[in-house]
Amino acid sequence: MIERKMIEHGIAERRLINMNYSELAKRLSKLTSEYFANAGFENAVVGLSGGLDSSTTAYLLADALGEHRVIGVMLPSHATSRQDLEHSHLVARSLGIDHCQFNISDLAHSLSSRIHGHGLAPQDELATGNITARLRAVCLYNLAARSRALVVGTGDRSELLLGYFTKYGDGACDLLSLGSLYKTEVRELARTLGVPRQILEKPSSPSLWHGQTAERELGSSYEKIDAILRLLVDKKMKPAAVAKRVRDAKLVESVQAMLAESGHKRKMPPILRP
């Protein structure tokens, strides 16, 4: 079962017991439909990257709202591979959703170049990648405003807890349909929903620069990271006990550090009251 309350930023207590992915898909679809109805919106805008999370989100939205109410948006940059773009179009065609494509390479390059003189080094991949992610958010929200739609984010619980997203970039959205599910769980949900196998099997990557992969940056596989997160966050075990359980103290320390350092990403900006 999945908890009835919509989960905010993937950090609420989980109630996923005796996981049945067919039932999970139905429950998430129902919750998504209810959220749109309560918010007074009919249409959804979702960024399609060709990756696991965005594809699964699109499939879930099409099931929850109907394909005629979902708009898929491809926003390739210089780092987007041909395969990812092909997979994005494959998802849109398979679902029969309305979709469009805008290449933002020139925008990202122009903005990055203009601020080099203000502290951004020409080869700073992370800073340039964050610019790209935030430009995508601008495009998605502009299209959503014109379409009377909500922007549905594609982040999963693993990414949210680790802070593995760009603040006000891919983290900017009105709803996180997959925010309660770890990456490994999203993969199983995707199989249930019928996401194409070639998308299921390829390595996860934000594709903000060439050669970027999530597991290389995070330092381990999602299977290991998710197992540690379940113990640290869901079972609230002490890091030392988790390290003894998984026999990898260095990885546990790294995951614990990412959890602590990314806390600000999961909160609204504080208001100081003098």
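Everything below is about the structure shown above.
Below is a summary of the structure that appears in this document. (Residues numbered from 1 in each chain as written. Predicted model: local features only at pLDDT ≥ 70, side-chain atom pairs only at ≥ 80, totals over all residues. Heavy atoms only, no water.)

As for the side chain of S55
Along the chain, S55 falls in helix α2 (residues 52–65). Excluding its chain neighbours within four sequence positions, the residues that come into contact with S55 are G50, V91, V195 and I199. (Helix = DSSP H or I, 4+ residues; strand = E, 2+ residues; numbered from the N terminus. Contact = heavy atoms within 4.5 Å.)

Here we look at the sheet that holds strand β2 (residues 70–74)
One key point about sheets: their strands pair by backbone hydrogen bonds, in either a parallel or an antiparallel sense. Reading across the sheet, the 5 strands line up as β3-β2-β1-β4-β5 and stay open at both edges, with parallel pairing between neighbours. The sheet terminates laterally at β3 (98–101) and β5 (175–176), the two strands that pair on one side only. Note that strand β1 (residues 43–47) and strand β4 (residues 149–153) share 3 bridges and pair parallel. Along β4, the bridge assignment pairs V45 with V151. Lying over the sheet, helix α5 (residues 125–147) contacts β1, β2, β3 and β4, oriented at roughly 165° with respect to β1. (Pairing = 2+ DSSP bridges. Axes fitted to C-alpha atoms, helices over the stretch in contact; angles between N-to-C directions.)

What to know about the environment of A62
Here A62 is to be found in helix α2. Residue class for A62 comes out buried when judged on its relative accessible area of 12%. With 33 residues separating them in the primary sequence, A62 and S29 have C-alpha atoms 8.9 Å apart. Setting aside residues no more than four positions away along its own chain, A62 makes contact with E67, V70, L95 and I97. (Buried < 20%, exposed > 50% of the residue type's maximum accessible area, 1.4 Å probe, protein only.)

Considering the pattern of salt bridges
Per the stated rule, a full pass over the model turns up 10 salt bridges. One salt bridge connects E201 with R197, and the closest N-O pair in it is separated by 3.9 Å. You can see E201 and its partner R197 sitting in helix α8 (residues 197–201), 4 residues apart, about one turn around the helix. One exposure class covers both E201 and R197, and it is exposed. Among the charged side chains, a salt-bridge network with shared partners connects D53, D156, E159 and K183. (Salt bridge = Lys/Arg side-chain N within 4 Å of Asp/Glu carboxyl O.)

Observations regarding the packing of aromatic side chains
The geometry of two aromatic rings is summed up by the distance between their centres and the angle between their planes. Overall, the coordinates contain 0 aromatic pairs when judged by the stated rule. The cationic tip of K265 hangs over the ring face of F165; the distance from NZ or CZ to the ring centre is 5.0 Å. (Phe/Tyr/Trp six-rings, centres within 6.5 Å; stacked < 30°, edge-to-face > 60°. Lys NZ or Arg CZ within 6 Å of the ring centre and 35° of its normal.)

Overview of the packing of helix α10 (residues 222–234) against helix α11 (residues 239–246)
The N-to-C vectors of α10 and α11 enclose an angle of 150°; their axes lie 10 Å apart at closest approach. Here α10 is positioned roughly antiparallel relative to α11, judged by the angle of their axes. Handedness of the α10/α11 crossing: right-handed. On α11, the residues touching I228, L231 and L232 of α10 are P239, V242, R245 and V246. Looking at the contact of α10 with α11, its residues break down into 6 nonpolar, no polar and 1 charged. (Parallel < 35°, antiparallel > 145°, perpendicular 65-115°, else oblique. Left-handed = near helix turned anticlockwise from the far one by under 90°. Nonpolar A, V, L, I, M, F, W, Y, C, P; charged D, E, K, R; others polar.)

What to know about the nonpolar core
Counting residues in hydrophobic clusters, the biggest one holds 33 residues, and the most contacted among them are F36, L48, L61 and L189. Every element with two or more residues in this core is listed here: α1 (21–39), β1, α2, β2, α3 (82–95), β4, α7 (183–193) and α8. For this core, the element with the highest residue contribution is α2, accounting for 8 residues. Grouped together as the second largest cluster of nonpolar side chains are 20 residues, L162, Y222, I228 and L259 included. (Core = buried A, V, L, I, M, F, W, Y, C linked by side-chain atoms within 4.5 Å.)

What to know about unusual backbone geometry
Notably, Y168 is not glycine yet its phi reads approximately 65°, a positive angle. With respect to the secondary-structure elements, Y168 resides in the loop between α6 (157–162) and β5. Even without being a glycine, K236 presents a positive backbone phi close to 55°. Considering the arrangement of structural elements, one finds K236 in the loop between α10 and α11. The class for K236 is exposed, based on a relative accessible area of 62%.

Read these as geometric descriptors, not functional statements.
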